[in-house]
Amino acid sequence: MADIHYMTQEGLDNLKKELADALAQRPVISAAIAEAREKGDLSENAEYDAARDAQGLLEVKIARLKDLVANAKVIDESKVGTDKVQLMNKVKVMNMALNKEMTFTIVGETEADFSQGKLAATTPIAKALLGHSKGDVVEAQVPSGVMKFKILDISL
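Quick caveat: nothing in here was measured; it's all calculated off a predicted structure.

About the thresholds
- Residues numbered from 1 in each chain as written.
- Predicted model: local features only at pLDDT ≥ 70, side-chain atom pairs only at ≥ 80, totals over all residues.
- Heavy atoms only, no water.
- Helix = DSSP H or I, 4+ residues; strand = E, 2+ residues; numbered from the N terminus.
- Buried < 20%, exposed > 50% of the residue type's maximum accessible area, 1.4 Å probe, protein only.
- Lys, Arg positive; Asp, Glu negative; His and termini not counted.
- Salt bridge = Lys/Arg side-chain N within 4 Å of Asp/Glu carboxyl O.
- Polar contact = N/O pair within 3.5 Å; in protein donor to acceptor, adjacent residues only side chain to side chain.
- Expected span 1.5 Å × (residues − 1).
- Contact = heavy atoms within 4.5 Å.
- Axes fitted to C-alpha atoms, helices over the stretch in contact; angles between N-to-C directions.
- Parallel < 35°, antiparallel > 145°, perpendicular 65-115°, else oblique.
- Left-handed = near helix turned anticlockwise from the far one by under 90°.
- Nonpolar A, V, L, I, M, F, W, Y, C, P; charged D, E, K, R; others polar.

(A) How the structure looks around the side chain of Glu111. Note that Glu111 resides in the loop between strand S4 (100–107) and strand S5 (118–120). Of the side chains bearing the opposite charge, Lys118 lies closest to the buried Glu111, which forms no salt bridge; the N-O distance is 5.3 Å. A polar side-chain atom of Glu111 sits 2.6 Å from a polar atom in the side chain of Thr8.

See below:
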């Protein structure tokens, strides 16, 4: 059975656009292969090899995107509460070791972008936060050791 991929409507729309863009590349790569093939001896034809490699990578990307779109479950943001940390919540925490406030939005794996504060629900920090309430102190087991966070606020 395939894994379900939770995401926002925006995330699904972005995946569909990426898939459409990838599908649009198929004829371009096919034309490049045909052009390289016309240049003769395929055994020493670097252009042909490069085009075939690009085609293989594109097909892998298309298959991955089709799987993500087919198994996407859009989260109804109107049903997301803020009493306990869950997917789609914005969580303001205090990093106890650094005495520094940080804000994360818990998202599905395909939408994660740490530079924008979007943390995949599968990461150690997000896993530690999920299901906890404002005021709770949680511990996250990360590669560098254990980090403690106090949940200051949960919002949408």
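Having seen the structure, we can now continue with the description.
(B) A look at helix H2 (residues 46–70). The terminal C-alpha atoms of H2 lie 36 Å apart, and with 25 residues this matches the ideal 36 Å at 1.5 Å per residue to within 8%. Along H2, the residues classified as buried are Tyr48, Ala51, Leu58, Ile62, Leu65 and Leu68. Among the structural elements, strand S1 (5–7), helix H1 (9–37) and strand S2 (72–74) are those in contact with the buried residues of H2.

(C) Focus on the packing of H1 against H2. For the pair H1 and H2, interaxial distance at closest approach is 9 Å and the crossing angle is 160°. Considered as vectors, H1 and H2 are oriented roughly antiparallel to each other. The hand of the H1/H2 crossing is left-handed. Tallied by class, the residues present in the contact of H1 with H2 amount to 17 nonpolar, 3 polar and 10 charged.

(D) Structural detail: the side chain of Ser133. Tracing the sequence through the fold places Ser133 in the loop between helix H3 (124–129) and strand S6 (137–142). Relative accessible area serves as the criterion here: at 18%, Ser133 is assigned to the buried category. Among the polar contacts made by the side chain of Ser133, one reaches the side chain of Lys84 at a distance of 3.4 Å. Filtering out sequence-adjacent residues up to four positions away, Ser133 remains in contact with Asp83, Lys84, Ile151 and Ile154.

(E) Focus on the pattern of salt bridges. Enumeration over the complete set of coordinates arrives at 5 salt bridges. The residue Arg64 makes a salt bridge to Glu18 at a minimum N-O spacing of 4.0 Å. Taken together, the residues Arg64 in helix H2 and Glu18 in helix H1 connect sequence positions 46 residues apart. We classify Arg64 as partly exposed; its relative accessible area is 44%. Exposure remark for Glu18: the relative accessible area of 31% places this residue in the partly exposed category. Note that Arg26 is salt-bridged to Glu59, the shortest N-O span being 2.8 Å. Of this pair, Arg26 sits in helix H1 while Glu59 is found in helix H2, placing the two residues 33 residues apart along the sequence. Overlapping salt bridges, with partners in common, bring together Glu18, Lys61 and Arg64 in one network.

Such coordinate-based values are descriptive only and should not be taken to indicate function.
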